[in-house]
Amino acid sequence: MCGIVGYTGVQGASPILLEGLKKLEYRGYDSAGIALVNEGVISIAKVTGRIANLCEKTNDGKDYPGTCGIGHTRWATHGAPSDNNAHPHLSNDGRFAIVHNGIIENYMSLHDELTAKGYHFESQTDTEVIVHLLEMYYKGDIKKAVIKTIARLQGSYALGVICTEHPDKLYVAREASPLILGVGVSENFFASDVTALVSYTRNAIYLEDGEFAEISPEEINVFDCTLKPIEKKITRIVWDIKASEKGGYEHFMLKEIMEQPRAFKATIAPRIKDNDIVLDETELTKEYLESVNKIVITACGSAYYAGCAAKYTIEKLCRVPVITELASELRYCDPLIDEHTLLIVLSQSGETADTIAAMKECKSKGAKTIAVVNVVGSTIATLADHALYTWAGPEIAVATTKGFTTQLAVLYLFALYAAKKLNNIDEERYLSLLSSLKSMPKKIQETLDTNSNIHKIAIKYYDNKSMFFIGRNTDYAIALEGALKMKEISYIHAESYAAGELKHGTIALIEEHRPVVALCCNESVMEKTVSNIVEVKARGADVLALTFKGNSKIVSVANDVIYVPKVETFFSAAVEIVPLQLLAYYVAKLNECDIDKPKNLAKSVTVE
Ligand code: AGP
């Protein structure tokens with residue numbers, strides 16, 4: 001989704017803005033632009049397409065001098081991708097330029113009001129109303145003008161403003177859209193995520209909703225909406241710069257798939273001390289857990305599927321009902337939630353708009369909230385009663401991989417932790433499961449090693465318009481995620497079904513050589529899934545089965561078999577997904593798709 005950057009300091013701003021925008025490319029965008037204040041004038045360069053075009057247009061920034069500026073990558077919502085609709089937007093008097101992430105919901109009425117007052121619009125965006133409001137409210141005090149402007153806005157925004165009359169200052173404001181300030185020496189920055197900042201500074205200030213800041217090269221002052229100063233703490237960014245580079249891999253996605261053993265270990269190891277699981281971050285006491293009568297897991301996309309997979313583990317070990325609900329549905333269904341509900345929210349980015357809204361809805365009904373989040377200081381982490389971080393490091397590819405497996409890691413830890421607190425598990429079983437969990441990083445590594453030639457299987461299956469993924473229980477949850485991986489990066493229609501549902505309609509779609517990926521790792525339903533494989537085979541399907549090593553039952557019924565090491569069924573989702581990520585990767589590669597930045601998708605879905 002859109003990305004924003006800003007710089008004020010002693011260096012030329014353009015190259016820094018362009019570099020920052022490159023770091024934000026992974027979020028997904030269709031046009032980009034920068035604006036600089038120099039010698040009392042704002043100059044703007046905008047392009048449709050890639051940042052490379054913007055670098056070319058600006059001669060790598062050299063043709064756009066100035067030490068203070070703002071930049072933007074746009075993911076079109078209101079108005080098609082075009083140079084006019086790209087940000088920054090300029091006020092009619094040329095005094096202000098702005099960049100904006102988010103959506104202004106009341107832009108139509110503001111547009112009509114401003115048009116009636118004589119303001120001229122250059123774009124079809126919702127954003128442009130902001131810059132004209134600024135011009136309208138500016139009476140010599142820019143802070144007041146910004147405050148009056150944002151008071152008129154409904155919706156979400158992370159806003160960056162420059163002004164010819166304050167040529168070394170940036171003004172920023174935030175409501176429901178991420179905004180981080182980078183603190184340097186004689187220079188300061190802002191960005192929509194830390195990846196754009198870490199090359200320049202590791203000191204960050206996380207703005208919160210309703211906050212507004214004035215940034216000069218020497219200082220950053222934060223205010224509330226009445227211009228009352230707010231003391232903010234500086235947080236150290238711990239992400240490794242190398243982690244946001246490809247490190248020799250052709251794509252971020254492949255690198256991130258390969259990083260999963262390390263990421264899983266980094267997520268569980270610090271929380272296991274002498275055979276005890278320590279979730280200090282949560283204060284989940286025995287008394288509190290006993291008062292919980294249901295656990296609701298909510299998220300979007302892959303994060304939701306991680307919840308679906310872990311539901312089986314949590315429910316079986318804790319004997320508490322676990323309900324999984326898509327955040328985009330939960331937020332509008334007036335859910336039956338109260339103080340006896342524990343809400344677990346999953347989000348890699350921590351900024352997904354629907355997930356934030358669902359969380360707010362459940363919190364307002366009294367639920368205690370735990371957020372499983374990868375991005376430190378993100379909105380979801382901040383809003384939750386307790387944040388349990390997945391220590392996956394920066395995930396750049398739009399398709400999540402290590403974000404997903406580390407979410408499973410946290411949920412597995414939680415399941416064991418809660419089961420023990422609730423006395424639902426005896427010591428021997430607990431220790432045996434804990435030991436299995438500790439061995440998972442090795443098992444994931446073994447899965448990667450075993451499937452190092454999966455590209456050969458991809459060659460057999462890549463040239464297809466449609467595929468099906470089937471399974472039961474956890475296998476079904478992973479079939480959902482496997483199908484999502486396939487469709488989002490290879491653009492092949494991939495549908496997932498609970499294997500038992502085939503006969504209720506879907507089997508009508510099975511025809512000669514239709515690929516069916518059948519997941520068979522769950523022994524309790526193995527025979528049933530094998531029957532479903534036989535049924536689709538009988539109708540001509542080519543079956544690619546995924547099962548654990550040593551399972552000979554599958555060889556005779558499937559056309560091809562992918563193996564994963566045998567692990568404890570409670571945790572098997574974390575190995576099963578790995579070959580499916582690789583399969584999607586190689587299928588997408590053979591189809592020459594833009595793997596890290598699939599069309600129409602954004603890494604962080606910050607609008608509804
Ligand atoms: C996964 O590959 C996706 N691109 C997408 O489904 C993602 O998982 C979803 O948008 C949720 O994102 P979040 O984890 O950042 O909240």
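Parameters at a glance
- The residue count restarts for each chain, going from 1 along the sequence in the order it is written.
- Given that this is a predicted model, residues contribute local features only at a pLDDT of at least 70 and side-chain atom pairs are listed and counted only at 80 or more, while totals for whole chains, interfaces and linings are drawn from all residues.
- Computation of side-chain values covers all heavy atoms of the structure but excludes hydrogens and water.
- Strands here are runs of E lasting at least two residues and helices are runs of H or I lasting at least four, both read from the DSSP assignment and numbered beginning at the N terminus.
- When a residue's accessible area, from a 1.4 Å probe over protein chains only, is under 20% of the maximum for its type it is buried; when over 50% it is exposed; and in between it is partly exposed.
- Pairs of N or O atoms within 3.5 Å make up the polar contacts considered here, provided that, within protein, one atom can donate a hydrogen while the other can accept it, and that residues adjacent in sequence are counted only when both atoms are side-chain atoms.
- Residue contacts are defined here by distance: any two heavy atoms, one from each residue, within 4.5 Å place the two residues in contact.
- Boundary definitions for the domains trace back to an automatic or database domain assignment.
- Salt bridge, as used here: a side-chain nitrogen of Lys or Arg that lies within 4 Å of a carboxyl oxygen of Asp or Glu.
- To be clear, the arc concerns the directions from the helix axis to the C-beta atoms.
- Centre distance within 6.5 Å is the pairing criterion for rings of Phe, Tyr and Trp, where only the six-membered ring of Trp is used; planes under 30 degrees apart are then read as stacked, over 60 as edge-to-face, and the remainder as tilted.

Caption draft 1: View of the side chain of Thr-58. Within the element layout of this structure, Thr-58 appears in the loop between α2 (51–57) and β4 (68–74). You can call Thr-58 buried: its relative accessible area is 0%. Of the polar contacts made by the side chain of Thr-58, one reaches the backbone nitrogen of Gly-61; its length is 3.0 Å. Ignoring any residue separated from it by four or fewer positions in sequence, one finds Thr-58 in contact with Leu-18, Ile-34, Ala-45, Asp-63 and Tyr-64.

Caption draft 2: Seen up close, the domain arrangement of the protein chain. What the domain assignment reports for the protein chain is domain 1 (3–238), domain 2 (246–438) and domain 3 (454–590). The gap between the C-alpha centroids of domain 1 and domain 3 is 46 Å.

Caption draft 3: The arrangement of the pattern of salt bridges in detail. Across all of its chains, the model carries 28 salt bridges by this definition. Between Asp-594 and Arg-50 there is a salt bridge; the shortest N-O distance is 3.3 Å. Of the two residues, Asp-594 is situated in the segment after α18 (573–590) and Arg-50 in the loop between β3 (41–48) and α2; the sequence distance between them amounts to 544 residues. Arg-50 gets classed as partly exposed once you look at its relative accessible area, which sits at 31%. Notably, a salt bridge pairs Lys-485 with Glu-481, separated by 2.7 Å at the nearest N-O pair. Of the two residues, Lys-485 and Glu-481 both sit in helix α16 (residues 474–490), four residues apart, roughly one turn of that helix. A residue is classified by how much of its surface remains accessible, and Lys-485, at 0% relative accessible area, is buried. Put simply, Asp-93, Arg-95 and Glu-165 are held in one network by salt bridges that share partners.

Caption draft 4: Seen up close, helix α7 (residues 260–268). Buried within α7 we find Gln-260, Pro-261, Ala-263, Phe-264, Thr-267 and Ile-268. Projected down its long axis, α7 shows its buried positions confined to an angular sector of 165°, all on one face. On its buried side, α7 packs onto α6 (252–258), β16 (272–273), β22 (386–389), α13 (402–421), α14 (427–450) and α18.

Caption draft 5: Structural context of the packing of aromatic side chains. Taken as a whole and judged by the stated rule, the model has nine aromatic pairs. With a centroid separation of 5.4 Å and an interplanar angle of 20°, the aromatic rings of Phe-189 and Tyr-200 are classed as stacked. Highlighted residues: Phe-189 in strand β10 (residues 188–191) and Tyr-200 in the loop between β10 and β11 (203–206), separated in sequence by eleven residues. Since its relative accessible area comes to 2%, Phe-189 is described here as buried. Between the aromatic rings of Tyr-412 and Phe-571, the centroid separation amounts to 4.9 Å while the plane-to-plane angle is 50°, which identifies the pairing as tilted. Separated by 159 residues along the polypeptide, Tyr-412 in helix α13 and Phe-571 in the loop between β27 (560–564) and α18 bring together distant segments of the chain.

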